[in-house]
Amino acid sequence: MARPRTRRKVYDAVLVLAQTGSIRALTMEGIAARAGVSKQTLYSSWPSSGAVLFDALLAQSLDDDGVVALPDTGDLAADLFTIASAMIAEMSDPTQDTLLRAVTAQLQVDDALAAEYRERLFDIQQDAVAARLTTAGVDGADEIAELFFGPILHRWLLRTRPFDDAWVRRHVERVVRAAAP
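Overview of the structure. Just so it is clear, the model here is predicted, and its values are computed rather than measured.

What follows deals with the overall build of the chain. Of regular secondary structure, the chain possesses nine helices and zero strands. Scanning the chain from its N terminus toward the C terminus, one meets helices and strands in the order α-α-α-α-α-α-α-α-α. Every one of the 181 residues in the chain was classed for burial, and the buried ones make up 41%. Excluding contacts between residues fewer than 6 apart, the proportion of contacts in the chain whose partners are at least 24 apart in sequence is 61%.

A word on the side chain of Q125. Checked against the element boundaries, Q125 lands in helix α7 (residues 111-135). Contact partners of Q125, with chain neighbours within four places excluded, come to V68, L70 and F149.

The next subject is the nonpolar core. One finds W46, L53, L133, F148 and I152 to be the most contacted residues of the largest nonpolar core, which totals 57 residues. Where this core is concerned, the elements lending two or more residues are α1 (4-20), α2 (28-35), α4 (49-59), α5 (76-92), α6 (94-109), α7, α8 (141-158) and α9 (165-179). The leading source of residues in this core is α5, at eight residues. If sequence neighbours within four positions are ignored, I152 has contacts with A84, M87, I88, M91, F163, W167 and H171.

Next up on the list: the pattern of salt bridges. If you walk through the whole model with that rule in mind, you get eight salt bridges. As a salt-bridge pair, D97 and R101 come within 3.1 Å of each other at their nearest N and O atoms. Residue D97 and its partner R101 are both found in helix α6; the two are separated by four residues, about one turn of the helix. The exposure class of D97 is buried, given its relative accessible area of 17%. With relative accessibility at 17%, the residue R101 sits in the buried group. One continuous salt-bridge network, built from bridges that share partners, spans R7, D55, E116 and R120.

What follows deals with α1. Its 17 residues give α1 an end-to-end C-alpha distance of 24 Å, which sits within 8% of 24 Å, the value for a rise of 1.5 Å per residue. For α1, the complete set of buried residues consists of T6, R7, V10, Y11, A13, V14, L15 and A18. Looking at the buried side of α1, the elements it contacts are α2, α3 (39-45), α4 and α6.

A separate point is the side chain of R132. Relative to the helices and strands, R132 is located in helix α7. In this structure R132 comes out as buried when scored by relative accessible area, which is 14%. A distance of 3.3 Å separates a polar atom in the side chain of R132 from the backbone oxygen of L70. Apart from residues lying up to four places away in sequence, R132 is in contact with L70, P71, D72, L76 and D79.

A separate point is the packing of α5 against α7. Here α5 crosses α7 at 170°, and the two axes come no closer than 11 Å. Between α5 and α7, the crossing angle belongs to the class labelled roughly antiparallel. Side by side, α5 and α7 meet where L76, D79, L80 and I83 of the first sit next to V129, R132 and L133 of the second. When its residues are assigned to classes, the contact of α5 with α7 shows five nonpolar, no polar and two charged.

Another aspect to go through is unusual backbone geometry. Of note in the backbone geometry, R159 takes a positive phi value of approximately 55° without being a glycine. Relative to the elements of secondary structure, R159 occurs in the loop between α8 and α9.

Here we come to the packing of aromatic side chains. Applying the stated criterion across every chain, the model contains six aromatic pairs. With centroids separated by 6.2 Å and ring planes inclined at 70°, the aromatic side chains of F54 and Y117 adopt a geometry described as edge-to-face. Here the residue F54 occupies a position in helix α4, and Y117 occupies one in helix α7, the gap between them amounting to 63 residues. Y117 gets classed as partly exposed once you look at its relative accessible area, which sits at 21%. By way of ring pairs, the aromatic residues F54, Y117, F122, F148 and F149 are connected into one cluster.

Calculation criteria
- Per chain, the residues get numbers from 1 upward, laid out in the order the sequence is written.
- Under the rules for a predicted model, residues below a pLDDT of 70 receive no local features and side-chain atom pairs below 80 are neither given nor counted, while totals for whole chains, interfaces and linings still include all residues.
- Each side-chain value is derived from all of the structure's non-hydrogen atoms; neither hydrogens nor water enter the calculation.
- Under the DSSP-based scheme used, a helix requires at least four consecutive residues in state H or I and a strand at least two consecutive residues in state E, with every element numbered from the N terminus.
- Any residue under 20% of the maximum accessible area for its type is buried, any over 50% is exposed, and the rest in between are partly exposed; the area is computed with a 1.4 Å probe on protein chains only.
- Contacts are assigned to residue pairs with any non-hydrogen atoms lying within 4.5 Å of each other.
- By nonpolar core we mean a set of buried residues, namely Ala, Val, Leu, Ile, Met, Phe, Trp, Tyr and Cys, connected to one another through side-chain atoms within 4.5 Å.
- The rule for a salt bridge is simple: a side-chain nitrogen of Lys or Arg has to be within 4 Å of a carboxyl oxygen of Asp or Glu.
- A helix is expected to span 1.5 Å for every residue after the first.
- Polar contacts, as counted here, are pairs of nitrogen or oxygen atoms within 3.5 Å of one another; within protein the pair requires one atom able to donate a hydrogen and one able to accept it, and residues that are adjacent in sequence qualify only if both atoms are side-chain atoms.
- Here an angle of 0 to 180 degrees is reported between the N-to-C directions of two axes, which are lines fitted to C-alpha atoms, with helices fitted over the stretch in contact.
- Just so you know how the angles are binned, under 35 degrees is roughly parallel, over 145 roughly antiparallel, 65 to 115 roughly perpendicular, and the rest oblique.
- Residues are grouped as follows: Ala, Val, Leu, Ile, Met, Phe, Trp, Tyr, Cys and Pro are nonpolar; Asp, Glu, Lys and Arg are charged; all remaining types, including Gly, are polar.
- Pairing of aromatic rings covers Phe, Tyr and Trp, the last through its six-membered ring, and needs centres within 6.5 Å; plane angles under 30 degrees mean stacked, over 60 mean edge-to-face, and all others mean tilted.

This is the structure:
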């Protein structure tokens, strides 16, 4: 595993390369050259350029303890609104959108990367929402959590409609209603 300083250099390099060039041109050789590390260093920590990009993007979402933290104020609707708004802000950021779409495309063809994505990000988020729903006495909390994330990802992936605060509020209200006993 690469040292923290090396990881930071690699993350910076992959993000700069991905934002300034064609995402298809993102290679381990290019990342190594930009970061000033050897390809061997990269391959000892990441199996592919998609994995490096995912790791770099994920690092931006971790708290100081290296954990994907979600709000837990005790107000389910407020927490869901905060989570949805943060997701949408990240996905709507022009500097992040292309990168996130590139990683999402890689998830479709790289089973190991898809498993890592689920383990290190998506399952954590979905399980945290499901746990809050379970605490609130909701039956089928896992399915309601999926109902929460699904429309957000659908709108973003397919670019079906724009996001705005009014839609986020209505979406959270629908989820909370669906979760009601």
